[in-house]
Structure formats: C-alpha cells, structure tokens
Amino acid sequence: MASMTELITPKRQAETHSAVERIGAFAVAARPEHLTTDSRQLFKRNILDSIGCAIAAVAGPSLRTLRDQIEEYRAPGRCTLIGGGKTSPDQAALFNSSLVRYVDLLDSYMAQGGLCHPSDNFGTILAAAEYLGASGEEFMLALAVAYEIQCRFTARVPVMAKGFNHALQLAISAAAGAGKLFALSVDELANAIAIATVDNISLACVHAEPVSQWKGFSSGITGMRAVYAASLAKRGFTGPKGLFEGPYGLEQMFAQSIPVDWEDPSLDIVKQTIMKKYCSLIHGQPVLEAVLDLKRSNNLTADEIEHVRCDVFKPAFDFAGGGSFGPKDHPEIKEQGDYNLKYLVAAALLDDQVGPAQLEELRIQAPDAQALLARVEVHPDERFSARYPRELSAAITIRTKNECVFVKEQHGYEGGLNNPMSWDRTVEKFHWLSEAFADEGLRNRLIQVVQQLDARPISDLMDLLAQVRCTAAFPRTHPGIQ
C-alpha cells in the first residue's frame, strides 16, 4: 500500500489554522513509535474484547436483518463480514461496527457531561485496513489515532449534556483513522473529517424511551459514511474547513470553544478506557456487580426479595433509572433492556448473570422479570454524582419478604479505572462470548493473532473472522465471567 508517512514539523502545524487541519496533521504525524509498550498491550486487550463482542452478536435478530439488507444491496468488494461473506468497505464498516456495539459489552471512555465508546471505531478501521491490504501494525496505529481523537474531543465537549449523541465525535475519529490508512494528506484528511461530520449531527434522543433498535446501529452508519468520506476526500472532494470554528460550526452549536491540543503526539488514551463484565450500559456495571455480590454472598433467591433500592450517580439515573431519558417501567426489547437498571437488576437476581441471553426479548418480557423489576427503585445520589466520572459508584439495598435487609456500597468495579480488566480476564470474556460460534481451535488462533497483531498482516485476522459461524453451532458451557 502507499506510504502512510508525511513529515509534519512544528512549523507546519503552526501554519494549519482550522481545527480539522490540526486534527489531520495529528493523524498524519502519528508514528508506530508513539505507541508505547504498555499502550500496545492495552490495545490488543481492547481489540480482542471488540472481536468477542462482535462474535457474540452474529446471530442477533437485527444483525440477521442487516445481513439480508447487505445481501440485497451487495456491492462487489474484498472486505470481510465477520461470520463470512465479502462486500464493499463501507458496508463492511456498517456491519462489523454494528456487531461490536450490539450486545452492549464494548469499552467506554467517561467524561463530564458525556462519554464515548472508542471501539465504535473498530469496524470502520478494520474495513479500511483490509481494503488496503494493511499490516496489523498499520491497523493498530490507525485505530490508536481514532481512539485518541474521539476521546480528546469527548473530554472537552459535554456532547450528551448538550443533547447530542456520541456518534457525532465518532464521525471525526473514524474518518481520521480511515484516512490515515488511505495515506491522505493533511488537507485531504481535513476534508474527510469535515465531510463525515457535517452531516452526522447525531441527537441524544436516540437513547430516550421508548428506545429503538437504532440506538445500537447509529455508530455503524456513522462508520459507513466515514470510510466513504475518506474515499471521496482522496478523490478530491472538499468539505467545510470551518467545521469547528466557522460560522454555524461546532463551536457555535455547542456554545463553547473546543481547546484540544492536537500537537500532543501521544497515543495513550487507551489507558483511560474502561471495560464491561455485564451486558448493560456502562453506568450499570457497579450496580450489577454489587447486586450479584449481595445475592451470592447471602444465598438470596429472587422469590425471597420484596424490594430493591439502587442509589446511583445522576447520569445513571437519567439514562437508565427513569430520569430525564424517560420511565423504565415496561421494557420490551433488547435496546430497552440494556438501558434499564430496573430490568438489569431483576435479571441479575433471577438468572445470576447478565449476558447476551438476558437481552433476548422473550427474557425481557417474561412475567418473572416484569414482576421483579416493578419492585426495583432507582434514585440519584449527590455523593456518587460528585465522584462521577472518575469513579462509578452505587449503593444497593435489598429487603426480603421476611424483613431481612442487605446493603452494599460499591465504589468502582472490575473493568473500571481503579481495577482494570486484565488480559487474562479479557481472554475469559472472549471465550464466553464466542464459544457458540467458534470452536476452541478457532478461538485460540484468534487470540494468538491478536497477541501478535503488530507483526502480522491484517489478512491473517480477517481469514479467521470469516470462519466464525453465523448461528450457534457449538455448546454453551461457559458461565460468564463472575
């Protein structure tokens, strides 16, 4: 493939005036040596986690529908759909990105006033890398660039507090990462970012009740358009360079400046990403860890429970507890279940786990789950809100029918910043998520390729992902990470 290097000197950076040009200069200047040994290992952890999430979703009803859509609109191409099949890079970006998001077990980056899921970039960068015959090293570098851009923007702009969805900054990062692989110049990258973002003003109402299927697919369509925008920019298409600071640009829309230091070449933001153990929005992780600990340590059964009270930080209440995004009393579909603390607590108490099986519609609609969730209350807590986003906290109070009371206050959780998920635990999670769709030999080969990714061609990974089954073909024996 064409060289991905173009020397960007401090003087050259100083001469670029618009924010999209500065982001383009940052992407072009990124070098493999900017990825430290520690960051490389964490990226491999997050990559394996993304693959596990994607494999767990291949048989999801919405993904089967999307595969049918891609088949109907199939364009000739050389990009692999996880689970088999080839298509164009933009459709592969859509499908594989949607897989990663679907079971709601992907990584997160927390900030005041919002968050993002950096692995939303994974499917788009993967498609671009395969299309161009990139090395694993080039793929990892482009993914690191995308992570950095998305998270740096998120840290500076309270996107969701302003009423917008985090797919907005994903358009910026995915276009930049894809453009890095396409070996775009600074000017071309600026255009790619502008084209991808100007028509991707995504609204936070996608998370509001009644939550629809689109919550899980917004990132996929954003990635699809981002890789297409990078291709258009390579062919000379231009976009609005005043995307940030120009009239009616992002700074005017958010009513603030966006002071990001794009001259900082570091690629270490992955150290600030957090992981999930349970199929739930990130805000629910400490809640579920505390609920399951109380259940198991006290040998509680669901039929003993009279009432559960969850005290949580305000964003958790707003998103998933019945706050500003709407009531959580009658979930019916998967997208409502994973954004509903009442249901998630009920599922944990009934099933002793919250995994993909707990997000199936029949489970969510089952009478026992609906009856128990009606006895769960969620309240915002000022103490926990003050700790957010540096720490995700919760307090759980369970009262039984014989008037016993069990209380646990939880500060952080396994996978959070203060207790990061290890490589070995990520491998365990990967086996849990993928065992029905890939036999042990294939799973172990995937783990090995990810471990060696910076010394292998990306085609080695794609050849294995094509062998994943689209239906459950192997026994499910893993109990889930406990």
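As a convention, each chain's residues are numbered from 1 in the sequence order in which they are written. Per-residue local features of the predicted model are confined to residues with pLDDT of at least 70, and side-chain atom pairs are confined, for both listing and counting, to 80 or more; whole-chain, interface and lining totals are unaffected and use all residues. The basis for every side-chain value is the complete set of heavy atoms in the structure, and neither hydrogens nor water enter the calculation.

A. Inspection of the side chain of His-166 at higher detail. Under the scheme used here, helices are H or I runs from DSSP no shorter than 4 residues and strands are E runs no shorter than 2 residues, and both carry numbers assigned from the N terminus. Along the chain, His-166 turns up in the loop between α7 (136–156) and α8 (167–181). Relative accessibility decides the category of a residue: with a 1.4 Å probe and only protein chains considered, values under 20% of the type maximum give buried, values over 50% give exposed, and everything between is partly exposed. Judged by its relative accessible area of 3%, His-166 falls in the buried class.

B. The sheet that holds strand β7 (residues 393–400), seen in detail. DSSP-based pairing: two strands are paired if at least 2 bridges between them are found. An order of β6-β5-β7-β8 is seen for the 4 strands of this open sheet, with the pairing classed as mixed. Strands with a single pairing partner mark the edges of an open sheet, and in this sheet they are β6 (376–380) and β8 (405–411). The mean angle between the axes of side-by-side strands here comes to 15°, regardless of whether they run parallel or antiparallel. In this structure, β7 lies alongside β8, joined through 7 bridges in antiparallel fashion. Note that in β8 the partner of Ile-398 across the bridge is Phe-406. Its contacts with the sheet put helix α15 (residues 341–351) on β5 (305–312), β6 and β7, and the angle it makes with β5 is roughly 130°. Axes here refer to lines fitted to C-alpha atoms; in helices the fit is confined to the stretch in contact. Angles between the N-to-C directions go from 0 to 180 degrees. Working rule for contacts: check all heavy atoms of both residues, and any pair within 4.5 Å makes them a contact.

C. Spotlight on the packing of aromatic side chains. Here a Phe, Tyr or Trp ring, Trp counted by its six-membered ring, pairs with any other such ring whose centre lies within 6.5 Å, and the pair is stacked when the planes are under 30 degrees apart, edge-to-face when over 60, and tilted otherwise. Under the definition given, this model contains 12 aromatic pairs. Here the aromatic rings of Tyr-131 and Phe-182 are separated by 6.4 Å at their centres, their planes lie at 45°, and the arrangement is tilted. Placement of Tyr-131 in helix α6 (residues 122–131) and of Phe-182 in the loop between α8 and α9 (186–198) is noted, with a sequence separation of 51 residues between them. Judged by relative accessible area, Phe-182 falls into the buried class, the value being 5%. Seen from their ring centres, Trp-214 and Phe-217 are 6.4 Å apart, and the 25° between their planes marks the pair as stacked. Judged by its relative accessible area of 44%, Trp-214 is partly exposed. Among the aromatic residues, those joined into a ring-pair cluster are Phe-153, Phe-164, Phe-244 and Phe-254. A ring is scored as having a charge over it whenever the NZ atom of a lysine or the CZ atom of an arginine sits within 6 Å of its centre and within 35 degrees of its normal. The cationic tip of Arg-78 hangs over the ring face of Tyr-131; the distance from NZ or CZ to the ring centre is 4.4 Å. One Lys or Arg, Lys-334, reaches over the ring of Tyr-102 and ends 4.6 Å from the middle of that ring.

D. Here's a closer look at the nonpolar core. Core analysis: the biggest nonpolar cluster contains 170 residues, and Phe-139, Phe-153 and Phe-244 have the highest contact counts within it. In this structure, Phe-244 is in contact with Ala-19, Val-20, Ile-23, Phe-153, Ile-172, Gly-249, Leu-250, Glu-251, Gln-252 and Ile-258, ignoring residues within four places of it in sequence. Residues grouped as a nonpolar core are buried Ala, Val, Leu, Ile, Met, Phe, Trp, Tyr and Cys residues, joined through side-chain atoms within 4.5 Å.

E. View of the pattern of salt bridges. Think of a salt bridge as a Lys or Arg side-chain nitrogen and an Asp or Glu carboxyl oxygen that are within 4 Å of each other. One pass over the full model with this rule turns up 30 salt bridges. The closest approach of N and O atoms between Lys-215 and Asp-104, which form a salt bridge, is 3.8 Å. Residue Lys-215 is found in the loop between α9 and α10 (218–234), and its partner Asp-104 is found in the loop between α5 (89–102) and β3 (109–111); the two are separated by 111 residues along the sequence. The buried category is assigned to Lys-215, whose relative accessible area is 4%. Put simply, Glu-148 and Arg-152 hold a salt bridge, and the shortest N to O gap is 3.3 Å.

F. Local environment of helix α2 (residues 19–29). Across the 11 residues that make up α2, a large majority, 10, are buried. Within α2, the full set of buried residues consists of Ala-19, Val-20, Glu-21, Ile-23, Gly-24, Ala-25, Phe-26, Ala-27, Val-28 and Ala-29.

G. Inspection of the side chain of Glu-289 at higher detail. Examined against the element boundaries, Glu-289 turns out to sit in helix α12 (residues 285–297). Pairs of N or O atoms are called polar contacts if they sit within 3.5 Å, as long as, within protein, a hydrogen donor faces a hydrogen acceptor (for residues adjacent in sequence, only side-chain-to-side-chain pairs). Only 3.1 Å separates the side chain of Glu-289 from the side chain of Lys-277, close enough to count as a polar contact. Residue contacts for Glu-289: discarding those within four places in its chain leaves Lys-277, Tyr-278, Gln-410, Gly-412, Tyr-413 and Glu-414.

H. A look at α6. Judged by how many residues are buried, α6 sits mostly within the fold: 9 of 10 residues are covered. Among the residues of α6, Phe-122, Gly-123, Thr-124, Ile-125, Leu-126, Ala-127, Ala-128, Ala-129 and Glu-130 are the ones counted as buried. Gly-133 sits one or two positions beyond α6 and adopts a positive phi of about 65°.

I. Looking closely at the packing of helix α3 (residues 37–56) against α7. It is at 11 Å that the axes of α3 and α7 come closest, and there the two elements cross at 90°. For the element pair α3 / α7, the angle class is roughly perpendicular. Each of Arg-40, Phe-43, Lys-44, Asn-46 and Ile-47 in α3 lies in contact with α7, whose residues at this interface are Glu-137, Phe-139, Met-140, Leu-143, Ala-144 and Tyr-147. Charged means Asp, Glu, Lys or Arg here, nonpolar means Ala, Val, Leu, Ile, Met, Phe, Trp, Tyr, Cys or Pro, and polar covers whatever is left, Gly included. Of the residues belonging to the contact of α3 with α7, the class tally is 7 nonpolar, 1 polar and 3 charged. An angle below 35 degrees is read as roughly parallel, one above 145 as roughly antiparallel, one from 65 to 115 as roughly perpendicular, and any other as oblique.

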